[in-house]
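Descriptive analysis of the structure
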Amino acid sequence: MTQRTDVVVIGGGQSGLAAGYHLRRLGIEHVILDAQTAPGGAWQHTWDSLRLFSPAEYSSLRGRLMPIQPGEVYPDAAHVVTYLADYEKRYDLPVQHGVWVPAVHRDGTHLRVETGCGDWQARAVVSATGTWTRPFLPAVPGRREFTGRQLHTVQYTNPADFAGQRVIVVGGGNSGAQIAADLAHAGIDLTWATQCLPRYLADDIDGRALFDHATVRRRALDEGRTDTGGVASLGDIVAVPPVRAARDAGLLASRPMFARLTATGVEWADGTRAEADAVIWCTGFRPALAHFASLRLRGTRGRIATEGTRAADEPRLHLLGYGDWTGPASATLIGVGRPAREAAREIAALLGS
Ligand code: FAD
């Protein structure tokens, strides 16, 4: 059976909810299809000690401030899940959980959104599927030879899983630093391998400053001035309290990236080796966009070419929350509001015409 609506939003994490909020305000009929059986998107699956890198009041979607978490300046992931579940309910957003979208097709003047429980026909689609379901693993020689355990950030829960083991953490971003600090504080035998020397942001800089930086950049771009550069120009690692404490205690010395894995560990280019029981790859993500394969849209590095949030080659499709390429700071709670509003306005204009 095929159902009809004006807009299908694919993904019901923070970005999908932001889209729903603005579509609802403009009175646009829509449905939000989300593969997860419960609200919260990727925040339901993070490691136990993860903390936001901004205080609650700087981590809010439009319309409703995130409440302060008692006793915590930087809220944990469970707090974010509760906030998103409340947001979904408060604005009565039409989220259908447990619905996976394997593909989207062109269907005359409409787009047809395939699901395991019937198709939807829509005049526009917003994709807000995030990156968490597409962990990226670099092609390092010997990865298949290593007989120990290999996991990605998405599979890491807490240090108890690694008691008594030798662990190599790979990656110099926030995930790598936070997981390395988590293991170091627990006394795990840790080697932290990073491509470049870790670049910490100044200790007094957290997500607030990153968002301000993104705002300045957005204004510069809007006004046709020189690009001030993404937040990466400030550094890679927010020195959240556990990372700062581990770094200051000398527990976070990094080593350069190794050249290959062996059966029992890793080996650097100069021939030195480290034995390991587990390697945790904190090496990032790619946008989850496989459902658009049949639309054959232009793009590089796993992305789709966009103008603002709109797909350059398909005016009925908007992409939300994947990173700066879909709007400055759009992959953050506070930053996704503006691109979501712009996408909803463009869709309203499209439907009106
Ligand atoms: P997601 O939360 O991943 O939601 C996407 C939803 O779409 C999921 O429910 C998924 O199951 C569903 N989905 C995917 N594919 C399909 C499909 N084909 N069909 C149906 N459903 C589908 N941001 C901040 O603002 N502050 C922070 O402090 C912060 N810290 C972070 C720390 C880490 C380590 C990471 C990785 C990210 C952090 N972020 C932070 C960034 C950001 O908030 C998250 O990445 C956020 O989860 C992205 O939200 P989203 O809605 O775009 O994607």
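Residues numbered from 1 in each chain as written. Predicted model: local features only at pLDDT ≥ 70, side-chain atom pairs only at ≥ 80, totals over all residues. Heavy atoms only, no water.

Another aspect to go through is the overall build of the protein chain. In terms of regular secondary structure, the protein chain is built from six helices and 17 strands. By the compact-globule yardstick of 20 Å for 353 residues, the protein chain fits well, its C-alpha radius of gyration being 21 Å. Counting only C-alpha atoms and orienting by the principal axes, one finds that the protein chain spans roughly 65 × 40 × 40 Å. For the protein chain, the residues scored as buried account for 48% of the 353 residues in total. Taking all contacts inside the protein chain whose residues are at least 6 apart in sequence as the whole, residues at least 24 apart take part in 64%. Carbon and sulfur atoms provide 51% of the accessible area of the protein chain, an area that totals close to 16100 Å². Of the charged side chains in the protein chain, 37 are positive and 36 negative, and the gap between their average positions amounts to 5 Å. (Helix = DSSP H or I, 4+ residues; strand = E, 2+ residues; numbered from the N terminus. Rg over C-alpha atoms; globule rule 2.2 N^0.38 Å. Buried < 20%, exposed > 50% of the residue type's maximum accessible area, 1.4 Å probe, protein only. Contact = heavy atoms within 4.5 Å. Areas by Shrake-Rupley, 256 points an atom, 1.4 Å probe, with all protein chains shown as cover. Lys, Arg positive; Asp, Glu negative; His and termini not counted. Charge placed at Lys NZ, Arg CZ, Asp CG, Glu CD.)

Our focus in this paragraph is the nonpolar core. Ranked by size, the top nonpolar core spans 29 residues in total, and within it Val 7 and Leu 61 carry the most contacts. Considering every element that reaches this core, the biggest residue donor is helix H1 (residues 14-25), with five residues. The contact partners of Leu 61, leaving out residues within four places of it in the chain, are Gln 14, Leu 17, Ala 18, Tyr 83, Leu 84, Tyr 87, Leu 333 and Val 336. Leu 50, Phe 162, Val 167 and Ala 278 belong to the second largest nonpolar core, which has 27 residues in total. (Core = buried A, V, L, I, M, F, W, Y, C linked by side-chain atoms within 4.5 Å.)

The residue Asp 92 is not glycine, and still its phi comes out positive at about 50°. Mapping Asp 92 onto the fold places it in the loop between helix H2 (77-90) and strand S3 (95-97). Here the phi dihedral of Arg 301 falls at roughly 50°; this positive angle occurs in a residue that is not glycine. Here Arg 301 shows up in the loop between strand S14 (278-281) and strand S15 (306-307).

For Asp 119, the position within the fold is in strand S6 (residues 119-127). At 2.8 Å, the side chain of Asp 119 and the side chain of Arg 112 are in polar contact. Setting aside its immediate chain neighbours within four residues, Asp 119 contacts Met 1, Thr 2, Gln 3, Arg 112, Val 113 and Glu 114. (Polar contact = N/O pair within 3.5 Å; in protein donor to acceptor, adjacent residues only side chain to side chain.)

What follows is about the site of the ligand. In the vicinity of the ligand lie 28 residues, with Ser 15, Asp 34, Gln 36, Phe 53 and Leu 333 positioned nearest. Taking Asp 34, its side chain carries an N or O atom lying 2.7 Å from an oxygen atom of the ligand. At a separation of 2.8 Å, an oxygen atom of the ligand approaches a polar side-chain atom of Gln 36. For the ligand, the protein covers 91% of the area, taking 990 Å² as the surface of the free molecule. Its residues assigned to classes, the shell around the ligand shows 15 nonpolar, 12 polar and one charged. (Near = heavy atom within 4 Å. Nonpolar A, V, L, I, M, F, W, Y, C, P; charged D, E, K, R; others polar.)

This part is about the pairing of strand S17 (residues 314-319). The element S17 is largely enclosed, with a buried count of five among its six residues. Across three bridges, the pairing between S6 and S17 is parallel. When the sheet's bridge partners are listed, Val 125 is paired in S17 with Leu 317. Between strand S16 (residues 310-311) and S17, which pair antiparallel one after the other, the connecting turn spans two residues. (Pairing = 2+ DSSP bridges.)

A sheet is described by the order of its strands in space; here five strands give the open sequence S7-S14-S8-S9-S10, paired in parallel fashion. Each of the sheet's edge strands pairs with one partner strand only, and the pair in question is strand S7 (149-152) and strand S10 (254-256). Going from strand to strand, the sheet's axes swing by 25° on average, the running direction of each strand aside. Sheet topology note: the strand S9 (residues 189-194)/S10 ladder contains three bridges and is parallel. The residue of S10 that forms the bridge with Ala 193 is Arg 255. Sheet contacts for helix H3 (residues 174-185): strand S8 (166-170), S9 and S14; angle to S9, the most-contacted strand, approximately 165°. (Axes fitted to C-alpha atoms, helices over the stretch in contact; angles between N-to-C directions.)

The next thing to look at is the side chain of His 105. For His 105, the location among the structural elements is in strand S4 (residues 103-107). A distance of 3.3 Å separates a polar atom in the side chain of His 105 from a polar atom in the side chain of Ser 294. Excluding its chain neighbours within four sequence positions, the residues that come into contact with His 105 are His 110, Leu 111, Arg 112, Glu 114, Ser 294 and Leu 295.

Here we come to the sheet that holds strand S11 (residues 260-261). Neighbouring strands of a sheet are bound in pairs by backbone hydrogen bonds; such pairs are parallel or else antiparallel. The sheet built from three strands is open, its strands ordered S11-S12-S13 with antiparallel pairing. Of all strands in the sheet, those bounded by a partner on one side alone are S11 and strand S13 (273-275).

What follows covers H3. If you check H3, its first and last C-alpha atoms are 16 Å apart, about what 12 residues at 1.5 Å a residue would give, namely 16 Å. The buried fraction of H3 is high, at nine of 12 residues. The complete set of buried residues in H3 reads Gly 176, Ala 177, Gln 178, Ile 179, Ala 180, Ala 181, Asp 182, Leu 183 and Ala 184. Check the buried side of H3 and you find it contacts S8, S9, helix H5 (241-248) and S14. Directly beyond the C-terminal end of H3, a positive phi value near 75° is found at Gly 187. (Expected span 1.5 Å × (residues − 1).)

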